[in-house]
Amino acid sequence: MSISVKHISKTYKKAKALQNISFEVKKGELFGLIGPDGAGKTTLFRILTTLLIPDEGTANVDGFDVFNDYKKIRNGVGYMPGKFSLYQDLTVKENLNFFATIFGTTIEENYDLIKEIYVQIEPFKNRRAGKLSGGMKQKLALCCALIHKPEVLFLDEPTTGVDPVSRKEFWEMLKRLQQKGITILVSTPYMDEAELCDRIALIQDGKILEIETPQALVKKFPKSIYNIGANNMYQLIKSLKSYSYQYSVFPFGEFVHYIDTRENFSTRDLLQFLESQSLSDITIEKTQPTIEDAFMELSK
Ligand SMILES: Nc1ncnc2c1ncn2[C@@H]1O[C@H](COP(=O)(O)OP(=O)(O)OP(=O)(O)O)[C@@H](O)[C@H]1O
């Protein structure tokens, strides 16, 4: 195992940030922690990178204990925190040099690992980090986290606030790093990114709801979901929520994902009901569950 977490709990004054968390990440795996803001993801990253001590439980990274072997972990892992990982007043090159130096290495020594990413930011190597775009900052931060050739890479919400094209490129880079044998633990609030992981842990309010492959998670979704559209989204949601047989209703892009409580659900009854609510252009179609649906169901 590359990462092993056993019964970890952490409380800050009143907030129970993590409650009895256990999971394992295999060597070379791309493992996602998926959950909304405040779920406890950053707290878990801080514990695994030895910056925070848990109240209870134990954790191992690459065979080292987060408490007893903290120095070995600090030398051997790469960490890209959600915020403030770069020195805004230093240039691209200076930031990279800085991280290489504190790990006792040089850019040249490990250039192979970062080359593919670095060439994209090289044209801006004399620009201060604070003046880079979100996507460029993210690439530089990833280079800095990789400069000492870590065995395990921790990425805390690396794509938050980054445009969709850069997000896609970033995930392609992660896949390539994984092929080089690096174990990756990545957190994201974006459910579409969850599909790109080998396995995911859905986390909410400091608890793990489920650990699965993304494919198995949607496959074992136990209920039928309908995609419903109408001329007035607000009225549609309000009406569906007032419908006696509704089990769950939640907005999904320009549609609503709806689950009915009845075994013998007929779309005709629902259509009649919605028409009686002064809605028009109504469409009701059965749809495939997504990871977001699984998350909503598990957190109910
Ligand atoms: N230093 C702190 N002092 C008090 N409460 C904290 C502290 N850090 C986090 N919390 C609380 O612990 C809970 C988990 O926070 P954490 O930052 O780990 O979650 P997260 O999933 O990373 O979310 P975010 O993306 O918002 O950082 C939240 O309720 C948060 O308000």
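Residues numbered from 1 in each chain as written. Predicted model: local features only at pLDDT ≥ 70, side-chain atom pairs only at ≥ 80, totals over all residues.

## Quick look at the site of the ligand
Okay, step 1: With respect to spatial proximity, 13 residues lie near the ligand, and among them Tyr12, Asp37, Lys41, Thr42 and Thr43 are the closest.
Okay, step 2: Counting residues per element, the ones that place at least two in the shell around the ligand are β2 (15–25) and α1 (41–48).
Okay, step 3: Residue contributions to the shell around the ligand peak at three residues, all from α1.
Okay, step 4: Class assignment of the residues belonging to the shell around the ligand gives a composition of four nonpolar, five polar and four charged. (Near = placed C-beta within 6 Å. Helix = DSSP H or I, 4+ residues; strand = E, 2+ residues; numbered from the N terminus. Nonpolar A, V, L, I, M, F, W, Y, C, P; charged D, E, K, R; others polar.)

## So, the sheet that holds strand β3 (residues 30–34)
Okay, step 1: Spatial ordering of the open sheet is given by β6-β7-β8-β3-β9-β10, a layout of six strands whose pairing is mixed. The strands lining the two open edges of the sheet, one partner per strand, are β6 (77–80) and β10 (207–212). Across the sheet, the mean angle from the axis of one strand to that of its neighbour is 15 degrees, orientation sign disregarded.
Okay, step 2: As judged from the five bridges shared by β3 and strand β8 (residues 183–188), these two strands associate in the parallel manner. Paired with isoleucine 34 across the two strands is threonine 188, which belongs to β8.
Okay, step 3: Along the sheet, α1 contacts β3, β7 (152–156), β8 and β9 (199–204); its crossing angle with β7, the most-contacted strand, is approximately 150 degrees. (Pairing = 2+ DSSP bridges. Axes fitted to C-alpha atoms, helices over the stretch in contact; angles between N-to-C directions. Contact = placed C-beta atoms within 7 Å.)

## Observations concerning the packing of helix α4 (residues 111–121) against helix α5 (residues 134–146)
Okay, step 1: At their nearest, the axes of α4 and α5 sit 9 Å apart, and the two run at 150 degrees to each other. Considering the angle they form, α4 stands roughly antiparallel to α5. Between α4 and α5 lies a crossing whose hand is left-handed. Within the contact between the two elements, α4 uses Leu113, Ile114, Ile117, Tyr118, Gln120 and Ile121 and α5 uses Met136, Lys139, Leu140, Leu142, Cys143 and Leu146.
Okay, step 2: Split by residue class, the contact of α4 with α5 holds ten nonpolar, one polar and one charged. (Parallel < 35°, antiparallel > 145°, perpendicular 65-115°, else oblique. Left-handed = near helix turned anticlockwise from the far one by under 90°.)

## Quick word on the nonpolar core
Okay, step 1: Of all hydrophobic cores here, the largest spans 66 residues; its most connected members are Leu48, Leu140, Cys143, Cys144, Phe154 and Ile184.
Okay, step 2: If you count residues domain by domain, this core takes at least three from each of domain 1 (3–219) and domain 2 (225–298).
Okay, step 3: Non-local contacts of isoleucine 184, meaning those with residues more than four positions away in its chain, are made with Leu30, Phe31, Leu153, Leu155, Leu174, Leu177 and Gln178.
Okay, step 4: If you look at the next biggest cluster of nonpolar residues, it comprises ten residues, including Ile228, Leu240, Val256 and Leu270. (Core = buried A, V, L, I, M, F, W, Y, C linked by C-beta atoms within 7 Å. Buried ≥ 20, exposed ≤ 12 C-beta atoms within 10 Å, placed from the backbone. Domains from an automatic or database assignment.)

## Comments concerning the domain arrangement of the protein
Okay, step 1: Its domain assignment divides the protein into domain 1 (3–219) and domain 2 (225–298).
Okay, step 2: On a C-alpha basis, the centres of domain 1 and domain 2 stand 37 Å from each other.
Okay, step 3: Listed by partner, the interface residues are nine residues for domain 1 and seven residues for domain 2.
Okay, step 4: For the side of domain 1 that touches domain 2, the secondary-structure elements that each account for two or more residues are α7 (191–194), β10 and α8 (214–219).
Okay, step 5: No other element matches the three residues that α8 contributes to the side of domain 1 that touches domain 2.
Okay, step 6: Here the side of domain 1 that touches domain 2 is built from residues that sort into seven nonpolar, no polar and two charged.

## Observations concerning helix α6 (residues 164–179)
Okay, step 1: Helix length check: α6, at 16 residues, gives a terminal C-alpha distance of 23 Å against a target of 22 Å (1.5 Å per residue), a fit within 8%.
Okay, step 2: Within α6 the residues assigned to the buried category are Arg167, Phe170, Trp171, Leu174 and Leu177. Down the axis, α6 shows its buried residues gathered within 115 degrees of arc, on one side only. Facing away from the buried side of α6 by more than 90 degrees, the exposed set consists of Val165, Glu172, Lys175, Arg176 and Gln179.
Okay, step 3: Buried residues belonging to α6 abut β3, α5, β7, β8 and α7. (Expected span 1.5 Å × (residues − 1). Arc of directions from axis to C-beta.)

## Here we look at unusual backbone geometry
Trans is the common state for peptide bonds, and a negative phi is the common state for residues other than glycine.
Okay, step 1: Not every positive phi belongs to a glycine, and lysine 149 is a case in point at roughly 60 degrees.
Okay, step 2: Structurally, lysine 149 can be placed in the loop between α5 and β7.
Okay, step 3: Judged by C-beta crowding, with 16 C-beta atoms within 10 Å, lysine 149 ranks as partly exposed.

## Digging into the environment of cysteine 197
Okay, step 1: Positionally, cysteine 197 belongs in the loop between α7 and β9.
Okay, step 2: As for cysteine 197 and proline 214, which are separated by 17 residues in sequence, their C-alpha atoms are 7.3 Å apart.
Okay, step 3: When near neighbours in sequence (up to four residues on either side) are disregarded, cysteine 197 contacts Leu30, Phe31, Gly32 and Pro214.

## Section: the environment of glycine 130
Okay, step 1: Residue placement: glycine 130 occurs in the loop between α4 and α5.
Okay, step 2: C-alpha separation for the pair glycine 130 and threonine 105, spaced 25 residues apart in sequence, amounts to 24 Å.
Okay, step 3: The contacts of glycine 130, once residues within four sequence positions are left out, are Gln88 and Asp89.

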